[in-house]
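Each chain is listed here by its residues.
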Amino acid sequence: MITDATLPTPTFVLDMARLRGNLETAKRVREEAGCKILLATKAFAMPAVFPMMRDYLDGTTASGEYEAIMGAETFGKEVHVYSPAYTQSELNAVTKIAQHVYFNSAQQLEQWGHSAIDAGCEIGLRVNPGYSNATLGGDLYDPCAPSSRFGEIASKLDQVDWSKVDIFHVHALCESLHEGSIGLINHVAQHFAPYLKQVKAVNFGGGHFLNKPGYDVDALIVAIKAFKTQFDVEVILEPGGGLVVNTGELHASVIALHWNDKDLAIIDASASTHMPDVLEVPYRPDIIGAGEANEKAHTYTLGGKTCMTGDVIGTYSFDKPLTPADRLIFTDQMHYSFVKTNTFNGSPLANLAIRHEDGQIEMVSNFGYEDFRVRLGA
Ligand SMILES: Cc1ncc(COP(=O)(O)O)c(C=O)c1O
């Protein structure tokens with residue numbers, strides 16, 4: 001039996017009980033607001049747990065062909081796809097797999113809409129609502145940042161052939177609390193009413209951080225119900241992070257200690273290869289039992305094994321000095337983490353495991369040298 005102490009590291013461990021708790025929130029929103037909720041697989045995709053997730057959600061939304069195939073094969077239910085642009089071959093593929101295909105502009109709708117309609121798909125048009133609420137990363141994570149490439153702009157919406165559009169789509173949030181979700185819903189109601197009256201459904205995208213402490217789920221439900229009544233449309237949400245926030249950790253081990261003006265620890269997890277958002281957002285993930293620099297007796301700056309000088313995770317303090325083989329557990333590592341890992345420097349991928357509701361840990365991957373080599377074309 002695998003325990004936290006014997007788990008190979010680095011490994012991402014998903015906690016099924018916490019995931020179920022988060023999905024219960026989604027289920028409540030679906031049932032009480034009468035809306036659909038899709039999983040955005042760009043944020044989290046672990047087919048091993050899709051059979052359980054399937055009972056709580058309406059389907060998946062994909063960023064392109066591969067995620068669409070995975071959604072259809074391993075999740076089932078509805079498959080939606082939005083990409084900022086499709087190649088001809090990708091469009092041919094996604095219109096066979098998905099029932100809902102979204103375009104990024106009036107021009108793309110004009111160019112590709114008829115073939116998606118002929119293939120029997122419902123059509124979405126992504127609109128840039130000009131509403132900013134992203135709570136992290138500034139413009140980097142704001143889909144409505146100046147000159148963003150996402151969605152048709154308001155001034156061109158009169159040129160759209162709305163008879164071809166089933167779903168009015170906006171995605172403007174990022175790790176937003178209810179104020180962001182409700183603000184977006186009200187903004188869309190206020191600024192886009194003439195178009196909403198011509199579609200069957202409105203998809204309010206992702207970024208609804210439904211399970212973050214402080215998110216007022218009841219307030220979201222009220223806002224969705226009011227919107228549905230006002231426009232007589234179906235409402236869809238497609239969160240990723242908000243469905244899996246705080247549902248799992250990355251377990252790592254200290255490999256070696258070093259000193260250069262300050263205490264350093266080199267660990268088998270890396271910002272560059274296992275937690276790229278640490279550098280991209282950037283942010284400092286929490287470690288169970290560790291404090292801020294100098295808060296506890298022993299302070300270390302933690303870095304990965306790669307050659308990148310900036311592959312630094314952060315500075316933390318501990319009650320006891322670190323020693324090689326010590327375990328470190330980084331919290332809240334289920335969204336935009338293992339879906340983004342890479343093998344730079346030949347770094348082993350972090351494995352994936354599930355902590356079942358009876359406490360048993362099951363490994364769901366066994367990555368090794370082959371995974372590294374295959375990616376290099378060998
Ligand atoms: C179009 C679209 N929908 C949904 C999502 C999921 O967002 P989140 O994981 O923040 O909920 C994203 C994230 O980038 C997105 O671009």
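Residue numbers restart at each chain and count upward from 1, following the sequence in its written direction. Residue-level local features of this predicted model are given only where pLDDT is at least 70; pairs of side-chain atoms are given and counted only at 80 or more, and the full residue set underlies all totals for whole chains, interfaces and linings. Only hydrogens and water are removed before side-chain values are computed, so all heavy atoms of the structure are retained for them.

## Let's talk about the overall build of the protein chain
Reasoning step 1: Counting from the N terminus, the helices are the DSSP runs of H or I reaching at least four residues and the strands are the DSSP runs of E reaching at least two. The helix and strand tally for the protein chain stands at eleven helices and 17 strands.
Reasoning step 2: Computation of the radius of gyration draws on C-alpha atoms alone. For the globule rule, the value is 2.2 Å times the number of residues to the power 0.38. For 378 residues, the compact-globule formula gives about 21 Å, and the C-alpha radius of gyration of the protein chain, at 22 Å, lands near that figure.
Reasoning step 3: Counting only C-alpha atoms and orienting by the principal axes, one finds that the protein chain spans roughly 65 × 45 × 45 Å.
Reasoning step 4: Buried, partly exposed and exposed residues are distinguished by accessible area as a fraction of the type maximum, computed with a 1.4 Å probe on protein chains only: under 20%, between the cut-offs, and over 50%, respectively. For the protein chain, buried positions account for 54% of its 378 residues.
Reasoning step 5: Contact between two residues is taken to exist if any of their heavy atoms lie within 4.5 Å; hydrogens are not considered. Of the contacts made within the protein chain by residues no fewer than 6 positions apart, 68% connect residues no fewer than 24 positions apart.
Reasoning step 6: For the protein chain, the accessible surface area stands at approximately 16200 Å², while carbon and sulfur atoms represent 52% of it. Each accessible area is a Shrake-Rupley result for a 1.4 Å probe, and residues are judged covered by the shown protein chains and nothing else.

## Some details on helix H1 (residues 16-34)
Reasoning step 1: Counted at 1.5 Å a residue, the expected span for H1 with its 19 residues is 27 Å, and the 26 Å between its end C-alpha atoms agrees.
Reasoning step 2: Definition of a polar contact: a pair of N or O atoms within 3.5 Å, with one able to donate and the other able to accept a hydrogen when the atoms are protein atoms, and with sequence-neighbouring residues admitted only if both atoms are side-chain atoms. Two or three places before Ala17, at the start of H1, stands the capping residue Asp15, its side-chain oxygen 3.1 Å from that residue's backbone nitrogen. To estimate how far a helix should extend, the number of its residues minus one is multiplied by 1.5 Å.

## Structural notes on the side chain of Ser270
Reasoning step 1: With respect to the element layout, Ser270 can be found in the loop between strand S12 (263-267) and helix H10 (277-280).
Reasoning step 2: A relative accessible area of 3% places Ser270 in the buried class.
Reasoning step 3: Look past the residues within four positions of Ser270 in its chain and what remains in contact with it is Met275, Gly304, Thr306, Asp311 and Ile313.

## Quick word on the site of the ligand
Reasoning step 1: Near is defined per residue: the residue qualifies when any heavy atom it owns lies within 4 Å of the molecule or strand. Near the ligand, the surroundings consist of 13 residues, among which Gly207, Glu238, Gly240, Gly241 and Tyr336 are the closest.
Reasoning step 2: A distance of 2.9 Å separates an oxygen atom of the ligand from a polar side-chain atom of Lys42.
Reasoning step 3: Here an oxygen atom of the ligand and a backbone polar atom of Gly241 are 2.9 Å apart.
Reasoning step 4: Surface burial for the ligand is 85%, taken as the share of its 390 Å² of free accessible area covered by protein chains.
Reasoning step 5: Residue composition of the shell around the ligand, by class: five nonpolar, five polar and three charged. Under this grouping Gly is polar, as are all residues other than the nonpolar Ala, Val, Leu, Ile, Met, Phe, Trp, Tyr, Cys and Pro and the charged Asp, Glu, Lys and Arg.

## Comments concerning the packing of aromatic side chains
Reasoning step 1: Working definition: rings of Phe, Tyr and Trp (its six-membered ring) pair if their centres are within 6.5 Å, and the pair is stacked with planes under 30 degrees apart, edge-to-face with planes over 60 apart, and tilted otherwise. Within the structure shown, the criterion is met by twelve aromatic pairs.
Reasoning step 2: Plain terms: the ring middles of Trp162 and Tyr195 are 5.1 Å apart, the flat faces sit at 25° to each other, and that makes the pair stacked. Of this pair, Trp162 sits in the loop between strand S7 (152-153) and strand S8 (167-169) while Tyr195 sits in helix H7 (residues 193-196), placing them 33 residues apart in sequence.
Reasoning step 3: Ring centres 5.0 Å apart and planes at 75° place the aromatic pair Phe204 and Phe227 in the edge-to-face group. With Phe204 in the loop between strand S9 (201-203) and helix H8 (217-231) and Phe227 in helix H8, this residue pair connects regions lying 23 residues apart in the sequence.
Reasoning step 4: A relative accessible area of 1% means that Phe204 is categorised as buried.
Reasoning step 5: The rings of Trp162, Phe168, Phe192 and Tyr195 are connected pair by pair, giving a single aromatic cluster.
Reasoning step 6: In this scheme, Lys NZ or Arg CZ marks a charge over a ring once it lies within 6 Å of the ring centre and within 35 degrees of the ring normal. In this structure, Arg284 is placed above the aromatic ring of Tyr316, and the distance from its NZ or CZ to the ring centre is 4.0 Å.

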